[in-house]
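Chain by chain, the residues:
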Amino acid sequence: MTEVLTVSNNGHGAGDTLAVHAIAVTRTYSAGGKPVQALRGVNLEVPRGTLTALMGRSGSGKTTLLNIIGGLDRPTSGEVLVDGEKFSRLSDRALADFRRHRLGFVFQSFALLPTYSAYENVELPLRMIGVGRKERGQRVRFWLETVGLADWASHRPYELSGGQQQRLAIARALVNRPHLVLADEPTGELDTTTGRQILALFKEIVEREGVTILIATHDPKVREVATVVHQLRDGQIVVNEAERAPAQ
Ligand code: ADP
Ligand code: MG
């Protein structure tokens, strides 16, 4: 795989400047013999270094699209490129490898390992890609510090509040230095104030680290932090220039 990045966000046209490029993506599920068209030809360009939001009501296709962009699912037709890498050309195994090295995931339900300490939860993705102990320690401490959990390293997830658990999940998602982080309803289980803090943390991380974060949510607070907001409706992106925040 090629080492990319340090590419400035100076245009939407060229594929190699995009963190995500989805082209005519469809996904049809068969539910009880009846086809359900979850995505009906989605075109999406996510420039690097942005906090991009995918909004839309429940059932509009947000999770389906995020799973395809995250290589957790394959489209029925169409193409997805992440960091210029064509997913259709990767075997399932290569795609899993790509996920471990280049992507980070944040979920509504945090998905932390309950018997692991905060430290061990953040460390796990680094163990999975074979990062040595010393570097693991440095990176885990950096990220626990960044999300404000330096004093909680030895605690188990159940000893943390919901907001702290999501901070921990964010540290875990960032620790492998992903180029792209995908967050599915990351504020879904949090109260308004805590949700706002989590969104502010995403924004801070985008600004400090230059990473790209794509958030799928129906939480309107995301508009306060997003560089760009895309609307999904019935499996299609509704083109609406008025939704776009002014250029940074
Ligand atoms: P959102 O995340 O915006 O709520 P989803 O991507 O979860 O939307 O769902 C989009 C559509 O696809 C919905 O109609 C949903 O019922 C359907 N769907 C999602 N996952 C499956 C599945 N595994 N099998 C069948 N239908 C599904
Ligand atoms: Mg969803």
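Here's a quick rundown of the structure. (Residues numbered from 1 in each chain as written. Chains lettered and ligands numbered in written order. Predicted model: local features only at pLDDT ≥ 70, side-chain atom pairs only at ≥ 80, totals over all residues. Heavy atoms only, no water.)

## Some words on the layout of surface pockets
Right, on to step 1. Considered as a void within the structure, the largest pocket measures approximately 440 Å³ in volume.
Right, on to step 2. Lining the largest pocket are 17 residues, and of these R100, F105, P125, M128 and R172 sit closest to its centre.
Right, on to step 3. Those elements giving two or more residues to the lining of the largest pocket turn out to be helix 2 (92-102), strand 6 (103-107), helix 3 (118-128) and helix 5 (162-174).
Right, on to step 4. Residues that form the lining of the largest pocket fall into these classes: eleven nonpolar, three polar and three charged. (1 Å grid on protein atoms, 1.4 Å probe; cavity = no way out; pocket = protein on both sides within 12 Å on 5 of 7 lines; lining within 4 Å. Points joined across faces, edges and corners; volume = space filled by probe spheres on them. Helix = DSSP H or I, 4+ residues; strand = E, 2+ residues; numbered from the N terminus. Nonpolar A, V, L, I, M, F, W, Y, C, P; charged D, E, K, R; others polar.)

## Re the nonpolar core
In summary, soluble globular proteins display a tendency toward joint burial of nonpolar side chains.
Right, on to step 1. Judged by nonpolar contacts, the single largest core of 39 residues is most densely connected at L168, I170, L174, F202, I205, I213 and I215.
Right, on to step 2. Among the elements of the structure, strand 3 (51-55), helix 3, helix 4 (133-146), helix 5, strand 7 (180-184), helix 6 (192-209) and strand 8 (212-217) are those that each provide at least two residues to this core.
Right, on to step 3. With near-sequence residues (within four places) excluded, F202 lies in contact with L51, V106, I170, A183, P186, I213 and I215.
Right, on to step 4. By size, the runner-up hydrophobic cluster in this structure holds 27 residues, among which are A19, A22, V25 and F98. (Core = buried A, V, L, I, M, F, W, Y, C linked by side-chain atoms within 4.5 Å. Buried < 20%, exposed > 50% of the residue type's maximum accessible area, 1.4 Å probe, protein only. Contact = heavy atoms within 4.5 Å.)

## Section: the site of ligand 1
Right, on to step 1. By nearness alone, every residue bordering ligand 1 is listed as Y29, V36, A38, R57, S58, G59, S60, G61, K62, T63 and T64.
Right, on to step 2. Between an oxygen atom of ligand 1 and a main-chain N or O atom of G61, the distance comes to 3.1 Å.
Right, on to step 3. Counting only elements with at least two residues in the shell around ligand 1, the list comes to strand 2 (34-47) and helix 1 (62-69).
Right, on to step 4. A total of three residues in the shell around ligand 1 trace back to one element, the largest contributor, which is helix 1. (Near = heavy atom within 4 Å. Polar contact = N/O pair within 3.5 Å; in protein donor to acceptor, adjacent residues only side chain to side chain.)

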